[in-house]
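# Observations on the model geometry
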Amino acid sequence: MPNTENTIMMDVLRYRPEQDAKPVLQTYRVPFSEDMSVLQGLQYIKDFLDGTLSFRWSCRMAICGSCGMMIDGKPALACKTFLRDFVPGRVRVEALAHFPIERDLVIVMDDFIGKLESIKPYIIEKQPRPLTQGEYLQTPSERDLYEQFSSCINCMLCYAACPQYGLNPKFLGPGIIALLHRYNLDSRDCGEEQRMPLVNSEDGVFNCTAVGYCSEVCPKLVDPANAVNVNKANSAKDYFLRFVTPRGGGK
Amino acid sequence: MTVPVSSGRRPYTRSMQGWWRRNTFYIEYMIHEGTAVFVAAYALVLLVGLVRLSQGQAAWDAWLQALRSPLSIVFHVITLVAISYHTWTWFHIMPRTLPPILIKGKRMSAAAITRSGLAASAILSIILFVLVWGLWT
Amino acid sequence: MEIYEADVAIIGAGGAGLRAAIAVAETDPALRIALISKVYPMRSHTVAAEGGSAAVTRPDDKLDYHFNDTVDGGDWLCEQDVVEYFVAQCPEEMVQLEHWGCPWSRKPDGHVNVRAFGGMKVERTWFAADKTGFHMLHTLFQTSIKYPSIRRFDEHFCVDLVTADGRVQGVAVIEIRTGQFTLIKSKAVIIATGGAGRVFRENTNGGIVTGDGMALAYRHGVALRDMEFMQYHPTCMPGTGLLFTEACRGEGGFLLNKDGYRYLQDYGLGPAEDKPRNKYMELGPRDRLSQAFWYEQKKGRTLDGPHGTYIQLDMRHLGEARLRERLPQIYEMAEIFMGIDPAKQPIPVRPAVHYTMGGILVDGHCATPLPGLYAVGECSSVGIHGANRLGSNSLAELCVFGKVAGGEAARFAKSVPAGETKVLLKQASATQQRTEQLVNRSDGSERIATLRTEMAQSMEDGCGIYRLADSMQATCDKLGELRQRFKNVNIEDKSSVWNSNWLSAIELGYQLEVAQAMVHSAISRKESRGAHQRLDGFEARDDANYLKHSLAYYNGDAAPRIAYGPVKITKSQPGVRAYGAAGEKAEHDRKAAGH
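Residues numbered from 1 in each chain as written. Chains lettered and ligands numbered in written order. Predicted model: local features only at pLDDT ≥ 70, side-chain atom pairs only at ≥ 80, totals over all residues.

Check the secondary structure of chain A and you find nine helices and seven strands. Projecting the C-alpha coordinates of chain A onto the three principal axes gives extents of approximately 70 × 40 × 30 Å. Looking at chain A as a whole, 54% of its 251 residues qualify as buried. Intrachain contacts of chain A at a sequence separation of at least 6 include 66% that bridge at least 24 residues. (Helix = DSSP H or I, 4+ residues; strand = E, 2+ residues; numbered from the N terminus. Buried ≥ 20, exposed ≤ 12 C-beta atoms within 10 Å, placed from the backbone. Contact = placed C-beta atoms within 7 Å.)

The terminal C-alpha atoms of helix H1 (residues 24-54) of chain B lie 46 Å apart, and with 31 residues this matches the ideal 45 Å at 1.5 Å per residue to within 8%. Immediately beyond the C-terminal end of H1 of chain B, within one or two residues, lies glycine 56 of chain B, with a positive phi of roughly 110°. (Expected span 1.5 Å × (residues − 1).)

For the rest of this paragraph, the subject is the interface of chain A and chain C. Taken together, the contacts link 41 residues of chain A with 44 residues of chain C. When residues of the side of chain A that touches chain C are traced back to their parent elements, those giving at least two are helix H1 (38-49), strand S6 (101-103) and helix H3 (140-150) of chain A. Here the element with the most residues in the side of chain A that touches chain C is H3 of chain A; it accounts for four residues. Looking at the side of chain A that touches chain C, its residues break down into 15 nonpolar, 11 polar and 15 charged. (Nonpolar A, V, L, I, M, F, W, Y, C, P; charged D, E, K, R; others polar.)

Moving on: the domain arrangement of chain A. All names here are of chain A. The domain architecture assigned to chain A consists of domain 1 (7-107) and domain 2 (110-241). Its C-alpha centre places domain 1 at a distance of 30 Å from the equivalent point of domain 2. On the side of domain 2, 12 residues touch domain 1, which itself brings 14 residues to the contact. Looking at the side of domain 1 that touches domain 2, the elements that each hand over two or more residues are strand S3 (68-71) and strand S4 (74-77). Broken down by element, the side of domain 1 that touches domain 2 gets its largest block of residues, four residues, from S4. Taken together, the residues of the side of domain 1 that touches domain 2 sort by class into nine nonpolar, three polar and two charged. (Domains from an automatic or database assignment.)

Turning to unusual backbone geometry, a few remarks are in order. The peptide bond linking valine 87 of chain A to proline 88 of chain A adopts the cis configuration, its omega dihedral lying at 5°. Locating proline 88 of chain A in the fold gives a position in the loop between S4 and strand S5 (91-95). One non-glycine residue, tryptophan 498 of chain C, adopts positive backbone phi at about 50°. Position of tryptophan 498 of chain C among the secondary structure elements: in the loop between helix H13 (469-486) and helix H14 (500-524).

Residue and element names in this part refer to chain A. Along the chain, methionine 156 falls in the loop between H3 and helix H4 (157-161). The spatial distance from the C-alpha of methionine 156 to the C-alpha of glycine 173 is 9.6 Å, given a sequence separation of 17 residues. Discounting chain neighbours no more than four positions away, the residues touching methionine 156 are Gly68, Leu96, Met109, Phe112 and Gly175.

All right, on to the sheet that holds strand S22 (residues 561-566) of chain C then. Residue and element names in this part refer to chain C. Reading across from one edge, S18-S16-S10-S21-S22 is the order of the five strands in this open sheet, with mixed pairing throughout. The strands lining the two open edges of the sheet, one partner per strand, are strand S18 (380-381) and S22. Bridge count for strand S10 (residues 224-225) against strand S21 (residues 548-553) is two bridges, and the pairing is antiparallel. By the bridge assignment for S21, leucine 224 is matched with alanine 552. The sheet contacts of helix H5 (residues 212-219) involve S10 and strand S16 (359-361), and relative to S16 the element is tilted by about 35°. Contacts from H14 reach S10, S21 and S22, with the element oriented near 140° to S21. (Pairing = 2+ DSSP bridges. Axes fitted to C-alpha atoms, helices over the stretch in contact; angles between N-to-C directions.)

Across the contact, 19 residues belong to chain B and 24 residues belong to chain A. Listed by contribution, the elements that provide at least two residues to the side of chain B that touches chain A are H1 and helix H3 (70-97) of chain B. When the residues that make up the side of chain B that touches chain A are grouped by side-chain class, the tally is 11 nonpolar, four polar and four charged.

Next up, the structure:
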């Protein structure tokens, strides 16, 4: 049980669309112990102080990606951020930036999901391989090429970090471009050309101005900034090679 | 995003006004992006110098004289500081823009890439400085 | 209320649900699939699984070995014909996942690598670093996007099944962000809602693992089978219960008591050797390891910490390089959550509830006794885990039986006509009224958190690693009391938009019923087998009386009715579960006897 002599003030941005005109800060005094996370603080509030506080969470171990929030103004996972790092001060918790707030700490993530679905995030095989033929051979170094980009937990902290996305929500964005890049780099996939129009588009990689905050906040070290910027070169190559090689071919 | 009127939903979009002031990371970003102006300004100075060179000895000497004015010295000192900072931050971002570089099968770390870039930059600057100084004297 | 017409509705979009959806789509692209999940699919708890997925791969491995390991591991409570089918399908399903892009860890020659795992005779666990569940889930989710016939209902909470003409014909769901109800008419329904570990205090599970689908099937008369068998995973973080994968031990980690002694050798799992040896010591089965911890605790040989007693998972001898390569996620977890560098210090660990072996009664085709209703994954009891599950059989189960459930549901859906909307709508409306009543009332007096905490503590006390009749009875009584008090539960939040207070209350209702099925099944089983161990006169396994499955039937407000059903034995007669050197001898004897 948390030691009640030690408490911390949590300032949480509330928003109940049916009763609030706009979001409003509400303060809670939460008992804390050395190993308590911000998520555990929020759970305490919901369990014992205010059952109306809504937030997404599940695994508690930074792998499901549910609990992304702005903690003291920085995008972070609540389960992996600890109250001890704010004490003796206060901690401010708000919904993830650059997304519309649905309710309290819950954001509308339709845009992210729509983009995820749009990039053909699956293996596009060179030719169908029967299961009886066994696995594709893929050396550890071939796997290493794309592994970091496959580690994205879809927490959207990078979108909250990216000011270009905040200014232009049509931008495909760091996390989704990282996923696109993951498939392009997978030796089993040949869909790079099919995904290129999204990379090249008005809302593609050239919206990025190399702020780099996305990679800074990524809890899984995916380095989406790298995925986006490497694809600027890919996009340019694609554009200029167009004049040299024939296009189309029914792909 | 269309929201049916019949539900109680009313998603709230927060303003991006003053976004860059909200976070030291963004403030620093704006500063180092701002130094690009100084890079452009210095390029302009060099361009003018080139033009003056093509206009003959008198024009060239007049330009060199202008460069020695106190205002010009101040401008050049500020520009040097700005461009140095620009270089420093540019090489810190560079690893983000490159595909993996393999040396003997191991990936070159971001820190190593930055260090190499800064080192190359420093060495080239020294060489150039010595060259120009040599030509000058 | 909105009405949506589907051919197959799937509740739950974790590994099993997604695999089933893909199977339906591949069986017949014309079938309309409604894939319903109370969270976005990539949040499903499959994501947290770490160690790996089993499949016979090496040339020195055989399906028979995997079969025997599984049936032995299950303490002979497995449906052996189903296990035979299962082990034969695993290799193909793992290759299928690989073709779909799963980033399995590889050998230098490019073939998939396999690692050792608890209770497995030969290395056969396919793995993707130490985030296998994460990679499998994301592979399945991203692959599912290829199929236009899969219509997802993300963040839709299922509150009831609707039935007519003696079969299931749809589900009633709440769209979480509006609070509005939808009737999803469907000719077949697959429940893939996962386990129920959250009914216990210390567990590895995410907040969403609340036995929803189990309760739904249960309330509609389908038995919950073998609910007394809850797996305690031996190596979890004290306090939070977060999982340190079995792969830590597969890679060579040791378990040490407070004297720095590898105590498992005192419990029939020895002798201790420097290198990991399959089915020896730390690679014994999970129930045995958790039970050894319990005894060490009793002997006072465990260490004391702020979150209870613990032992040490020592991986220092593996070295930082190997740890970071093979176990990167747990390395990070130890560093960030505990401030421990596993290359320099051992990690404090203790057992916590991890997996629900039992579940919704289904046959080998994932069909429940209720026509049109299927169940797959952790929420089901298809018969492969018996009284104790082997690690890496569960992820494989999602794929093998996900495919089966999808295929069966598709076939069934094509064979029956659509139901009459009017009839189904009436049921759905009644459900809506009942569910809204929960939130609209103003006279609630019980806090959700209070009821939940009392339930979780009681389950830990009564259904722990070792069980006693009087503490199980106390839990039976407590749960009865909590179910009564639940009728007065107070929901502070009266709004419609994303009312998680309301949904938590509904989940608590599910949990109380499932917990009741667990403890009543436990107290009725007067023997010790697998993960159900007693110290009250029933310490031995009793095949004469209890080589049977328990079946818990919903009984309204009263306690569940417990019945028993036969176990299908084919090739493997119940024997002694032996590991370590004793295990090798037992196997040798068995071979000599001609089995």
